[in-house]
Every structure is written in C-alpha cells, then in structure tokens.
Amino acid sequence: MLGQVLDGIKILELGGGKASSFCARLLADYGADVIKLEAPGSGDVLRRHGPFVGNTPHAEKSIPFLYLNTNKRSITLDIVSPTGCLILKRLAQWANVVVEGHSPSHLKGFGMGYEALSSENPSLVMTSITPFGQMGPYRDYKASDIVTTAMSGLMYLSGDADKEPIRNALDQSLYVAGTQAAGATLAAVYQGMATSKGQHIDVSITECMALHLVQAVSSYAYMGAVRGRRSPMNSGLDEVMPCADGYVLPSAQGSQPWEVAVELLGVEEMKAPKFSTAEGRIAHGPELYDLLIKGLWKWNRKDLFHASAERRLLFGMVQDAGDLFECPQLRSRGFYTKGTNLEADGVEFPGEIVRLSEGSYRMQRPAPLLGQHNEEVYCGMLGYGKEEMSLLRRWGVI
C-alpha cells in the first residue's frame, strides 16, 4: 500500500476548539502524526459540546469531538505548570508543526509563545488560529462564530433587505478558518524543507470570512458603494421557494431560454410576453412570484431537480441531513467513512474531503479517548518510566 502524502509530518495540537481541531484533523487525514494535548481531567472543551451519542452527555460521546478528532492521538498535559512547560518544550523539539487556538497573550503569558518554542526547534512552524489575529486592537478579544461572521461583513449581505441580517448555521467561520490554516501550514512546511527555518502563521477567523466579500469590498473600493441585501420584492428566481415537500431554487440562468422553464413548470400564464425578458420578469416580479408558487407546488424536490437537469436548467433543491446521507452523488464519491471506536463503530460520517490520486485520505484511528496515548507518548517517545508517570499524574501535570 502506498503511503500518504503527509507521512512523516509531526504535529502538536494545543487549545482545542473547532477551528484548530479541524485544521489538525485535515492534516491527520492525509498522514500527519497529530498529538492532541488536552487538559488533565477535563480535556478539550469540545468533549462537552453536544449532541452526544445516545443523548448521553459524556466526555467520550460528543459527536462534534468524535468528528473533529479522528486520526489523532490524545495525551493530557497541564501546559501552564512549570513541569508541563518543560514537557511541552521537549514535544516542540519532536514536532514539525504546532497548531493552536489560544488567545495571543495566553501562551506568551507563561513563556510558551512562538519565540520560546522556536528556540527549542528553529524549523518549527506554529499556526495560531484566533478570532481577530495576533495583531491589532481586537487581538485579545474573544468571539464566537456569530461574532466573527458579523464582524467579517458577510452577515450584512445575508437575508432580505427589509429584515435584519441573518447568520449561516453551524459555525461555518471556524471550519473556513481551519481549512485555510491547514493550507497555510502546508505551504510553510514546504518552504521549511528548503530553508530549515520555521515561521509563525497568523490566521484571523474574521479575515478568512471577509475574504469571501470579493464583490462587496471591491464595489466599495472602486465606487464607495455599500452593497446591501436583496430586495424581498423580486421574482422568486434564484432564491429559495417552497414546493410540495420542501424548498427548491428555480433559476432563469444558464443557456436555456425562458420557455424551457415555463414548459417544465406547466403554468400557462408564465408564457405571457411580459415575462419573456429578464427586465420584464423583474418589473413584474410579484406577479411572477405567485405564478412560480403555483407551478412549484405541483412538484416534489427531487423530481423537479432531476427533471430540470434533464432540460439543462440550473435548478437546485435544499437538502437536509437525511437527504445528504442518501445522496447518490456523495455516495458514488465515497464521501462517508465508518467509525471504528466503541461510540461510533459502524457509524458513517463525512471522511475524505478532497481527493488525491495518490496518497489520499485514510481512516487510521478513531477519535481518541482523553489521554488514551499517555503511556505511548510519555514512555515510548519521551522515555519516562512508569513511576515518573505516576508522579506526574499525582501532581496533576498529566
């Protein structure tokens, strides 16, 4: 069997949370050896985030934790304690990369910032993922996904113009930042192979989201125009509309003439000349909206999606988690993989995210139990004896 593309890359993950956990998971999925450092006793805060397997709150049953930490090892270490700092320095000598999600002043506060760790290992790459980055007046502010999404400007453009802005669901800013951090980390590791020098990567979650505002920011830069949300008084095209069993997205875009969409929906009044041009459909938007409702209500989502695709129309449908689980496109691409630990044995969840023709994703190990690999790392890697480990446990260091 061929190895994976990141075989031999060694990573420490500090701080937990979704953004840094996702970044480290992406790297682990392609072969990097990731050791996750968790606080003794409590572990990553994600272990306390629901939902939980079987609706039973438990540190080893958090579904977000199980998803974000596959292919990693877990050790416990109090990195704030003097002994913990010494152990962290030894681990930094072993690692190629540190991924961390603490506030900028936290690690420096007890002498474990980038300067200190890179003095132990000059080729070390350290990737720091925080809400606002390592510099600037907001650098030490805490924030959640709804805050970073709002501060990025993306929320201002989401929703209808006559209502308040709305947010995306499920902490998307944290996953976007984790993905971009993983890419930047690989670029730094690649450069370090040629220069033997490490570097500090500064990832701002807010900036990762603000990069999505290409048109809005460019419009302001060129014309001073603040782009707003869409008017609710439109035609219903290219927006979410109800059908018989959910929601769909009818569209007049693409190479097909308007008459093809009209024929598909089967509403005779839509053949009127006033709807035949884009300008006419905008001018008579409210009237067209009601006719679209009339036509869409005859269809269920999947039948309409496939019928429109056969006619080369750009229609879409809103899928829920159950639809995704049964989606023939995702199934055919092997999007799901099976868990192998006690809490997820045989359970399918999203696995391979991007595909390489060689050395791609592999499910090597399930998400770890808290401190599951203490003996393996402390004794096998760092050379501690069983009695020393016992002392470290008694002192609360591990």
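Look above for the structure.
Procedures and definitions
- Residues numbered from 1 in each chain as written.
- Predicted model: local features only at pLDDT ≥ 70, side-chain atom pairs only at ≥ 80, totals over all residues.
- Heavy atoms only, no water.
- Helix = DSSP H or I, 4+ residues; strand = E, 2+ residues; numbered from the N terminus.
- Buried < 20%, exposed > 50% of the residue type's maximum accessible area, 1.4 Å probe, protein only.
- Contact = heavy atoms within 4.5 Å.
- Expected span 1.5 Å × (residues − 1).
- Pairing = 2+ DSSP bridges.
- Axes fitted to C-alpha atoms, helices over the stretch in contact; angles between N-to-C directions.
- Arc of directions from axis to C-beta.
- Phe/Tyr/Trp six-rings, centres within 6.5 Å; stacked < 30°, edge-to-face > 60°.
- Lys NZ or Arg CZ within 6 Å of the ring centre and 35° of its normal.
- Parallel < 35°, antiparallel > 145°, perpendicular 65-115°, else oblique.
- Left-handed = near helix turned anticlockwise from the far one by under 90°.
- Nonpolar A, V, L, I, M, F, W, Y, C, P; charged D, E, K, R; others polar.
- Disulfide = S-S within 2.5 Å.
- 1 Å grid on protein atoms, 1.4 Å probe; cavity = no way out; pocket = protein on both sides within 12 Å on 5 of 7 lines; lining within 4 Å.
- Points joined across faces, edges and corners; volume = space filled by probe spheres on them.

A.B. asks: Pulling in residues and values, what's your account of the overall build of the protein?
C.D. replies: Regarding its fold elements, the protein presents 17 helices and eleven strands. Viewed in the frame of its principal axes, the protein has a C-alpha envelope of about 85 × 50 × 40 Å. The 398 residues of the protein split such that 45% are buried. In the protein, the share of contacts with a sequence separation of at least 24, taken over all contacts with a separation of at least 6, comes to 69%.

A.B. asks: Requested: an account of helix H1 (residues 18–29), with residues and values cited.
C.D. replies: Taking 1.5 Å of rise per residue, twelve residues should cover 16 Å, and H1 covers 16 Å from first to last C-alpha, within 8% of that figure. Counting buried positions along H1 gives twelve out of twelve residues, so the element sits mostly inside the fold. Along H1, the residues that are buried comprise Lys-18, Ala-19, Ser-20, Ser-21, Phe-22, Cys-23, Ala-24, Arg-25, Leu-26, Leu-27, Ala-28 and Asp-29.

A.B. asks: Describe the sheet that holds strand S9 (residues 316–317), listing the residues and the values that go with them.
C.D. replies: Taken in spatial order, the three strands make up an open sheet running S7-S8-S9, and their pairing is antiparallel. The open sheet terminates on both sides in strands that have one partner only, identified here as strand S7 (241–243) and S9. Bridging between S7 and strand S8 (residues 246–249) involves three bridges; their strand directions are antiparallel. Within S8, the position partnered with Met-241 by the bridge is Val-248. Across the sheet, helix H12 (residues 285–296) touches S7 and S8, and the angle it forms with S7 is around 30 degrees.

A.B. asks: Any details on helix H3 (residues 82–94)? Residues and values, ideally.
C.D. replies: Counted at 1.5 Å a residue, the expected span for H3 with its 13 residues is 18 Å, and the 19 Å between its end C-alpha atoms agrees. Residues of H3 that are buried include every one of Gly-84, Cys-85, Ile-87, Leu-88, Leu-91, Ala-92 and Trp-94, and no others. One side of H3 carries all its buried residues, which in axial view fall inside an arc of 165 degrees. For H3, exposure combined with an orientation more than 90 degrees from the buried face picks out Pro-82 and Leu-86.

A.B. asks: Give me the lowdown on the packing of aromatic side chains, citing residues and values where you can.
C.D. replies: Geometrically, a pair of aromatic rings is defined through the distance of the ring centres and the angle of the planes. The final tally for this structure, using the stated rule, is seven aromatic pairs. For the pair Phe-22 and Tyr-175, a centre-to-centre distance of 5.1 Å together with 75 degrees between the ring planes defines the contact as edge-to-face. With Phe-22 in helix H1 and Tyr-175 in helix H7 (residues 172–195), the pair connects residues that are 153 residues apart, well separated along the chain. No difference in accessibility class separates Phe-22 from Tyr-175, as the two residues are buried. When the ring of Phe-335 is compared with that of Tyr-336, the centres are 5.0 Å apart and the planes differ by 85 degrees; the resulting orientation is edge-to-face. What links up through ring pairs into an aromatic cluster is the set Phe-132, Tyr-138 and Tyr-141. Here the guanidinium or amino end of Arg-25 rests over the ring plane of Tyr-67, the centre of that ring lying 4.6 Å away. The ring of Trp-258 is capped by Arg-281, whose NZ or CZ atom sits 4.4 Å from the centre of that ring.

A.B. asks: Account for the pairing of strand S4 (residues 97–100), naming residues and giving values.
C.D. replies: Here S4 shows two buried faces, one formed by Val-97 and Val-99 and the other by Val-98 and Glu-100. Pairing analysis gives four bridges linking strand S1 (residues 10–14) to S4, with the strands arranged parallel. When the bridges of S4 are listed, Glu-13 appears paired with Val-99. Two strands pair when backbone bridges link them, and S4 and strand S5 (residues 125–130) are joined in this way by four bridges, in the parallel orientation.

A.B. asks: Break down the packing of H1 against H7 for me, with residues and values.
C.D. replies: Axis separation between H1 and H7 bottoms out at 8 Å; the angle between their running directions is 45 degrees. By the angle between their directions, the pair H1 and H7 is classed as oblique. Along this stretch, H1 crosses H7, giving a crossing that reads as right-handed. Every residue of H7 that contacts H1 at Lys-18, Ala-19, Phe-22, Cys-23, Leu-26 and Leu-27 is listed here: Leu-174, Tyr-175, Gly-178, Thr-179, Ala-181, Ala-182, Thr-185 and Leu-186. Per-class residue counts for the contact of H1 with H7 are ten nonpolar, three polar and one charged.

A.B. asks: Hey, could you go over the state of the cysteines for me, with residue numbers and the actual values?
C.D. replies: Here the structure, examined in full by the defined rule, presents zero disulfides. Just so you know, Cys-208 is unpaired, no disulfide at all, and the nearest cysteine sulfur is the one on Cys-23, 10 Å from it.

A.B. asks: Run through empty space enclosed by the protein, naming residues and quoting values.
C.D. replies: With the rule as written, the count across this model stands at one cavity of 30 Å³ or more. Forming the walls of the largest cavity are Glu-100, His-102, Ser-103, Pro-104, Leu-107, Lys-108, Gly-113, Tyr-114, Met-126, Ser-128, Gln-134 and His-200. Looking at the lining of the largest cavity, the elements with two or more residues in it are helix H4 (104–109) and S5. Ranked by residue count, the leading element in the lining of the largest cavity is H4, at three residues.

Function cannot be read off these values alone, since they describe shape.
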